[in-house]
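Chain residues, written in single-letter form:
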Amino acid sequence: MNTNKLREILNQRGSSIATRISSPWGLITELAAYGQCYDYIEYLAEYAPLQVEDFENLARACELHGMGSILKVDFQNRAWV
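Residues numbered from 1 in each chain as written. Predicted model: local features only at pLDDT ≥ 70, side-chain atom pairs only at ≥ 80, totals over all residues. Heavy atoms only, no water.

**Brief notes about the overall build of the protein chain**
Here is the rule we go by: In this description a helix means any DSSP run of H or I spanning at least four residues, a strand means any run of E spanning at least two, and both kinds are numbered starting from the N terminus. Atoms considered for the radius of gyration are the C-alpha atoms alone. The globule rule reads 2.2 Å times the number of residues to the power 0.38. Whether a residue is buried, partly exposed or exposed follows from its accessible area with a 1.4 Å probe, protein chains only, as a fraction of its type maximum: under 20%, in between, or over 50%, in that order. Only the protein chains shown count as covering a residue, and every accessible area follows the Shrake-Rupley method with a 1.4 Å probe. Positive charges are assigned to Lys and Arg, negative charges to Asp and Glu, while His and the chain termini are left out of the count. To locate a charge, take NZ of a lysine, CZ of an arginine, CG of an aspartate or CD of a glutamate.
Along the backbone of the protein chain there are three helices and three strands. Relative to the compact-globule value of 12 Å for 81 residues, the protein chain shows a C-alpha radius of gyration of 13 Å, a close match. Overall, the C-alpha framework of the protein chain stretches about 35 × 25 × 25 Å when taken along its three principal axes. The buried share of the protein chain, reckoned over its 81 residues, is 26%. Accessible surface, the protein chain as shown: approximately 6000 Å² in total, 50% of it carbon and sulfur. In the protein chain, 7 side chains carry a positive charge and 10 a negative one; their mean positions are 9 Å apart.

**Quick word on the side chain of Thr 29**
By secondary structure assignment, the location of Thr 29 is in helix 2 (residues 26-34). With a relative accessible area of 1%, Thr 29 lands in the buried category.

**Quick notes on the confidence of the model for the protein chain**
Applicable threshold: One number per residue, pLDDT, summarises how confident the predictor is, and it ranges from 0 to 100.
Per-residue confidence for the protein chain averages 83 on the pLDDT scale, and 93% of its residues sit at or above 70. Within the protein chain, the lowest mean pLDDT, 85, falls on strand 3 (residues 68-72), and the highest, 89, falls on strand 1 (residues 18-21).

**Looking at the pattern of salt bridges**
Here is the rule: Only one rule defines a salt bridge in this text: a Lys or Arg side-chain nitrogen within 4 Å of an Asp or Glu carboxyl oxygen.
According to the stated counting rule, one finds one salt bridge in the structure shown. Its salt-bridge partner being Glu 42, residue Arg 20 comes within 2.9 Å of it at the nearest N-O pair. Separated by 22 residues along the polypeptide, Arg 20 in strand 1 and Glu 42 in strand 2 (residues 40-44) bring together distant segments of the chain.

**Comments concerning empty space enclosed by the protein**
Quick note on the threshold: Here a cavity is any set of points on a 1 Å grid over the protein atoms alone where a 1.4 Å probe fits but cannot get out, and a pocket is any open set with protein on both sides within 12 Å along at least 5 of 7 lines; a residue lines the site when it has an atom within 4 Å of a point. Grid points are joined across faces, edges and corners, and a volume is the space filled by probe spheres set on the points. In this count, Pro and Cys sit with the nonpolar residues alongside Ala, Val, Leu, Ile, Met, Phe, Trp and Tyr, while Asp, Glu, Lys and Arg are called charged and the others, Gly among them, polar.
Summed over all chains, the structure comprises one cavity of 30 Å³ or more. In this structure, the largest cavity encloses a volume near 30 Å³. Considering the residues around the largest cavity, the lining is formed by Ile 21, Thr 29, Ile 41, Tyr 43, Phe 55, Leu 58, Cys 62, Ser 69 and Ile 70. Among the secondary structure elements, those contributing two or more residues to the lining of the largest cavity are strand 2, helix 3 (52-64) and strand 3. Sorting elements by how many residues they give to the lining of the largest cavity places helix 3 first, with three residues. The class makeup of the residues in the lining of the largest cavity is seven nonpolar, two polar and no charged.

**Description of the nonpolar core**
Counted only if it meets this: Residues enter a nonpolar core if they are buried and are Ala, Val, Leu, Ile, Met, Phe, Trp, Tyr or Cys, with the set joined through side-chain atoms within 4.5 Å.
Counting 10 residues, the largest nonpolar core is built from Ile 21, Ala 32, Ala 33, Ile 41, Tyr 43, Ala 45, Ala 48, Leu 58, Cys 62 and Met 67. Among the elements of the structure, helix 2, strand 2 and helix 3 are those that each provide at least two residues to this core.

**What about the pairing of strand 1?**
Using the following cut-off: For two strands to be treated as a pair, DSSP must find no fewer than two bridges joining them. For crossovers, right-handed means that the path from the first strand over the helix to the second runs clockwise, given strands pointing away from the viewer.
By the alternation rule, side chains of strand 1 split into Thr 19 and Ile 21, which are all buried, and Ala 18 and Arg 20, of which none is buried. Note that strand 1 and strand 2 share four bridges and pair parallel. Across the sheet, Thr 19 pairs through a bridge with Ile 41, a residue of strand 2. In the classification by handedness, the crossover that spans strand 1, the intervening helix 2 and the parallel strand 2 is right-handed.

**A few points about the state of the cysteines**
To be explicit about the condition: A pair of sulfur atoms, both from cysteines and within 2.5 Å, is called a disulfide here.
For the structure shown, the criterion picks out zero disulfides. For the unlinked cysteine Cys 62, the closest cysteine sulfur is that of Cys 37, found at 13 Å.

Here it is, written out as structure tokens:
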């Protein structure tokens, strides 16, 4: 199992840098990861459509580059998610 780098930063009371995306494309996640300056990516499902498969691809792209991922769910659909 891979270590959760974001969890390690939080446990050490460190600071982290993130970016928000609203595109479900894994390519956008990979492009943000190539810069190696973000600890995690936050996907805003409030402002863009999301399917479960899309988030799986985003999470997979983050894992490949050693980044964390956070999903901010849509307020109206929070019960379903």
